[in-house]
Amino acid sequence: EDGNPDAGGRAGALPTEEAAKLEFKDILCRGGDIVAFNGWAPHRSAANMSAFPRRAVFLTYNPKSEGDYHDRYYQRMADMRQQWRDKIGLARSTAISEDEKLELEALSTIPRI
């Protein structure tokens, strides 16, 4: 819970003391498997111990009358990542990490309806 938006302190994360009260069940997946659940359902994952990156796609929707949250979400995450870089002393840069680049490339293949 150190403020890293891509780690345990991610916005909306379930507080550790609340998670300790719950019983989580493992869902073992193979490459290509899909798990779908409501984003508000308490969930977690262990550290990725493989040599391969773990990818996740978040499919979201809301009524058109509520507006388009896509750009707002990604701008918020970019801001949070830059705040994290500033906090830990990484130079301000317009360059993005390889992981961020891969995430953006994967996201670009998903059609916006």
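1. Comments concerning the overall build of the protein
Argument step 1. On a plain count of helices and strands, the protein comes out with three helices and zero strands.
Argument step 2. In the protein, the order of α-helices and β-strands from amino to carboxyl end is α-α-α.
Argument step 3. Within the protein, the fraction of its 113 residues that count as buried is 9%.
Argument step 4. The long-range share in the protein, meaning contacts at least 24 apart out of those at least 6 apart in sequence, stands at 49%.
Argument step 5. Just so you have it, the protein exposes about 10,200 Å², and 56% of that area is on carbon and sulfur atoms.

2. Considerations on a nonpolar patch on the surface
Argument step 1. Taken together, the side chains of Ile27, Val35 and Phe37 define a hydrophobic patch exposed on the protein surface, amounting to about 290 Å² of accessible area.
Argument step 2. Structurally, the position occupied by Phe37 is in the loop between α1 (16-19) and α2 (70-88).
Argument step 3. Judged by relative accessible area, Phe37 falls into the partly exposed class, the value being 46%.

3. What to know about α2
Argument step 1. Between the first and last C-alpha of α2 there are 27 Å, a value that for 19 residues agrees with the 27 Å anticipated at 1.5 Å per step.
Argument step 2. Those residues of α2 not exposed but buried are Met77, Met80, Arg81, Gln82, Trp84 and Arg85.
Argument step 3. At its buried positions, α2 is contacted by α3 (98-108).
Argument step 4. Looking one or two residues beyond α2, the residue adopting positive phi is Gly89, at roughly 90°.

4. Structural notes on the pattern of salt bridges
Pairs may arise between side chains of opposite charge once their charged atoms sit close together.
Argument step 1. Taken as a whole and assessed by the stated rule, the structure comprises two salt bridges.
Argument step 2. Of the charged contacts, one joins Glu18 and Lys21 as a salt bridge, the two residues approaching to 3.2 Å between their closest N and O atoms.
Argument step 3. Overall, Glu18 belongs to the partly exposed group, its relative accessible area being 35%.
Argument step 4. Lys21 sits in the exposed class, given a relative accessible area of 61%.
Argument step 5. Glu23 is paired through a salt bridge with Lys25; the nearest N and O atoms lie 3.9 Å apart.
Argument step 6. Glu23 gets classed as exposed once you look at its relative accessible area, which sits at 66%.

5. Thoughts on the confidence of the model for the protein
Argument step 1. Looking at the protein, the pLDDT average stands at 77 and 84% of residues meet or exceed 70.
Argument step 2. Ranking the elements of the protein by mean pLDDT puts α3 last with 75 and α1 first with 84.

6. Some remarks on the packing of aromatic side chains
Argument step 1. Under the defined criterion, the tally for this structure stands at one aromatic pair.
Argument step 2. With a centroid separation of 4.8 Å and 90° between ring planes, the pair formed by Tyr73 and Tyr74 is classed as edge-to-face.
Argument step 3. Residue Tyr73 is classed as partly exposed on the basis of its relative accessible area of 33%.

7. Observations regarding the packing of α2 against α3
Argument step 1. At a closest axis distance of 14 Å, the pairing of α2 and α3 adopts a crossing angle of 175°. The angle between the axes of α2 and α3 places the two elements in the roughly antiparallel class. Along its contact with α2, which presents Tyr74, Arg81 and Arg85, the element α3 presents Glu100, Glu103 and Leu107.
Argument step 2. Of the residues in the contact of α2 with α3, the class split is two nonpolar, no polar and four charged.

Criteria and cut-off values
Residues numbered from 1 in each chain as written. Predicted model: local features only at pLDDT ≥ 70, side-chain atom pairs only at ≥ 80, totals over all residues. Heavy atoms only, no water. Helix = DSSP H or I, 4+ residues; strand = E, 2+ residues; numbered from the N terminus. Buried < 20%, exposed > 50% of the residue type's maximum accessible area, 1.4 Å probe, protein only. Contact = heavy atoms within 4.5 Å. Areas by Shrake-Rupley, 256 points an atom, 1.4 Å probe, with all protein chains shown as cover. Patch = residues over 30% accessible without salt bridge, like charges linked within 9 Å, V, L, I, M, F, W, Y side chains within 5 Å. Salt bridge = Lys/Arg side-chain N within 4 Å of Asp/Glu carboxyl O. Expected span 1.5 Å × (residues − 1). pLDDT = per-residue confidence, 0-100. Phe/Tyr/Trp six-rings, centres within 6.5 Å; stacked < 30°, edge-to-face > 60°. Axes fitted to C-alpha atoms, helices over the stretch in contact; angles between N-to-C directions. Parallel < 35°, antiparallel > 145°, perpendicular 65-115°, else oblique. Nonpolar A, V, L, I, M, F, W, Y, C, P; charged D, E, K, R; others polar.

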